[in-house]
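Inside the fold
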Number of protein chains: 2
Amino acid sequence: MDQVDHILAQWRRERPDLDVGPMGTFGRLKRLGDHLAQALAEVYKAHGLTAASFNVLATLRRAGPPHALSPSALIAWTMVTSGTMTNRLDRLEAAGLIERRVNPEDGRGSLVALTAEGFALIERVVTEHVANQHRLVEGLPPEQRERIDEGLRAWLALYESAP
Amino acid sequence: MDQVDHILAQWRRERPDLDVGPMGTFGRLKRLGDHLAQALAEVYKAHGLTAASFNVLATLRRAGPPHALSPSALIAWTMVTSGTMTNRLDRLEAAGLIERRVNPEDGRGSLVALTAEGFALIERVVTEHVANQHRLVEGLPPEQRERIDEGLRAWLALYESAP
DNA sequence: TCCATTTATCTCGACATCAAGATAAATGGG
DNA sequence: CCCATTTATCTTGATGTCGAGATAAATGGA
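Because the structure is predicted, anything quoted here is derived from the model rather than measured. (Residues numbered from 1 in each chain as written. Chains lettered and ligands numbered in written order. Predicted model: local features only at pLDDT ≥ 70, side-chain atom pairs only at ≥ 80, totals over all residues. Heavy atoms only, no water.)

Here we come to the protein's contact with DNA strand D. Around DNA strand D there are 23 residues in total, and T84(A), N87(A), R91(A), S72(B) and S82(B) lie nearest to it. The sugar-phosphate share of atoms of DNA strand D within 4 Å of the protein amounts to 74%. A distance of 3.3 Å separates a phosphate oxygen of DNA strand D from a polar side-chain atom of T86(B). Residue R108(B) places a side-chain N or O atom 2.9 Å away from a base oxygen belonging to DNA strand D. Of all the secondary-structure elements, those providing two or more residues to the surface near DNA strand D are α5 (82–94) of chain A together with α4 (71–78) and α5 (82–94) of chain B. Looking at the surface near DNA strand D, its residues break down into 3 nonpolar, 13 polar and 7 charged. (Near = heavy atom within 4 Å. Polar contact = N/O pair within 3.5 Å; in protein donor to acceptor, adjacent residues only side chain to side chain. Helix = DSSP H or I, 4+ residues; strand = E, 2+ residues; numbered from the N terminus. Nonpolar A, V, L, I, M, F, W, Y, C, P; charged D, E, K, R; others polar.)

Below is the structure:
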């Protein structure tokens, strides 16, 4: 009996005409996501980052040398709008963690690259981040996590096709 | 092979020292949550609402008559800060969907109640919202959704205890 | 080659959110 | 009954996000 069960019970009492089974799944996904995001943010914050800035730096880092991507590529990986990405890049640039270079292959765009400082920072933070994630699934039996992962993969496949 | 698999493959190439298994689960949860939130927002928007305003109205509706709760109770249900709730209530009040009454039992606080207009609106929107949720799990075998739900319940239980 | 169209990025204005602090009322131990 | 403490809500300032539109460069068919 978690919070979501309480919510569903309320709906069943007030609106017995509605089949709220799926709503329970949506609610658990949302609430769990919120709790986990808060927990992950603690590590980011300890290094002066937010989820937004962490994700940009991490995307550049895992792309491999030379750790440079176009804003378009960053937008595709992170699922945000172009205006949002411009704002993120402005702040990261002001903080000296990335730099914008001209894109030799496309004069319309730029290339966003990790600075040495940005690289060193994300290198440290991602290590802690992964440890934090391990800690957050500690209470969950590994086989249980596997089943959740498989289920989410199937559901996510409805929205992200796979070549 | 979804987007998350690509991300994990990049990390394994760049940082083979990290065990990124759990990261995959976090990534799928986050990305799926983002996709679903976008899809749910379409119904809200069609009625001039956002996820934020919908959730406040829905919380008041499902509480049952007289459809009035304190801001504190709304904060507890919706997992936002007091400043955020004040802002949401200001807008909903300006839109005529809720009203703030004095709380006869506590002079510090108020009671937030659905107006007739707010009640009529949420009554319509929640019906469409539930139908939308059914549509969004259509492609998922019901027993698969059940398993996801059970897994999420177990994980969520680590963060929301149950008396 | 030219130009209409497409694409990449940035700008701007409106909200949403949080964290920290302010304000006012309730509470309870002495 | 008093006052220090706690609690409920609001205020303020900084940031993050989106959506629509602006700008500039690349593209491709005539």
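There's more to say after this.
What follows is about the sheet that holds strand β3 (residues 110–114) of chain B. Residues and elements named next belong to chain B. Pairing is antiparallel across the open sheet formed by 3 strands, whose spatial order is β1-β3-β2. Taken across any chain shown, the strands that pair with only one partner, and hence form the sheet edges, are β1 (68–69) and β2 (98–102). Strands in contact with helix α3 (residues 51–62) are β1, β2 and β3; relative to β3, the strand with the most contacts, it is inclined by about 90 degrees. (Pairing = 2+ DSSP bridges. Contact = heavy atoms within 4.5 Å. Axes fitted to C-alpha atoms, helices over the stretch in contact; angles between N-to-C directions.)

So, about the packing of aromatic side chains. All names here are of chain B. Following the criterion strictly, the structure yields 4 aromatic pairs over all chains and no others. Between Y44 and F54 the ring centres are 4.6 Å apart and the planes differ by 25 degrees, which places this aromatic pair in the stacked class. Taken together, the positions of Y44 in helix α2 (residues 21–46) and F54 in helix α3 put the pair 10 residues apart, joining distant regions of the chain. The pair Y44 / F54 is uniform in exposure class, with both members buried. The ring of W77 is capped by R62, whose NZ or CZ atom sits 4.8 Å from the centre of that ring. (Phe/Tyr/Trp six-rings, centres within 6.5 Å; stacked < 30°, edge-to-face > 60°. Buried < 20%, exposed > 50% of the residue type's maximum accessible area, 1.4 Å probe, protein only. Lys NZ or Arg CZ within 6 Å of the ring centre and 35° of its normal.)

All names here are of chain A. Assigned domains of chain A: these are domain 1 (1–46) and domain 2 (47–162). Computed over C-alpha atoms only, the centres of domain 1 and domain 2 are separated by 26 Å. Contacts between domain 1 and domain 2 engage 10 residues on the former and 14 residues on the latter. Considering only the surface of domain 1 that becomes buried against domain 2, L40, V43 and Y44 emerge as the three largest contributors, covering 58% of it. Between domain 1 and domain 2 we count 0 salt bridges in total. In the side of domain 1 that touches domain 2, the residues fall into 8 nonpolar, 1 polar and 1 charged. (Domains from an automatic or database assignment. Buried area = accessible area lost by both parts, 1.4 Å probe. Salt bridge = Lys/Arg side-chain N within 4 Å of Asp/Glu carboxyl O.)

So, about the interface of chain A and chain B. Across the contact, 65 residues belong to chain A and 65 residues belong to chain B. Of the roughly 6,900 Å² buried between chain A and chain B, counting both surfaces, carbon and sulfur atoms make up 65%. The shortest N-O distance in the salt bridge between E123(A) and R15(B) comes to 3.5 Å. Counting across the interface, chain A meets chain B through 26 residue pairs in polar contact (both at pLDDT 80 or more). Here the side of chain A that touches chain B gets 15 residues from one element, more than from any other, and that element is helix α2 (residues 21–46) of chain A. Tallied by class, the residues present in the side of chain A that touches chain B amount to 31 nonpolar, 17 polar and 17 charged.

Applying the stated criterion across every chain yields a total of 34 salt bridges over all chains. Among the ionic pairs, E14(B) bridges to R61(A), the shortest N-O distance being 3.0 Å. Highlighted residues: E14(B) in helix α1 (residues 3–14) and R61(A) in helix α3 (residues 51–62), drawn from two different chains. Owing to a relative accessible area of 5%, R61(A) belongs among the buried residues under this scheme.

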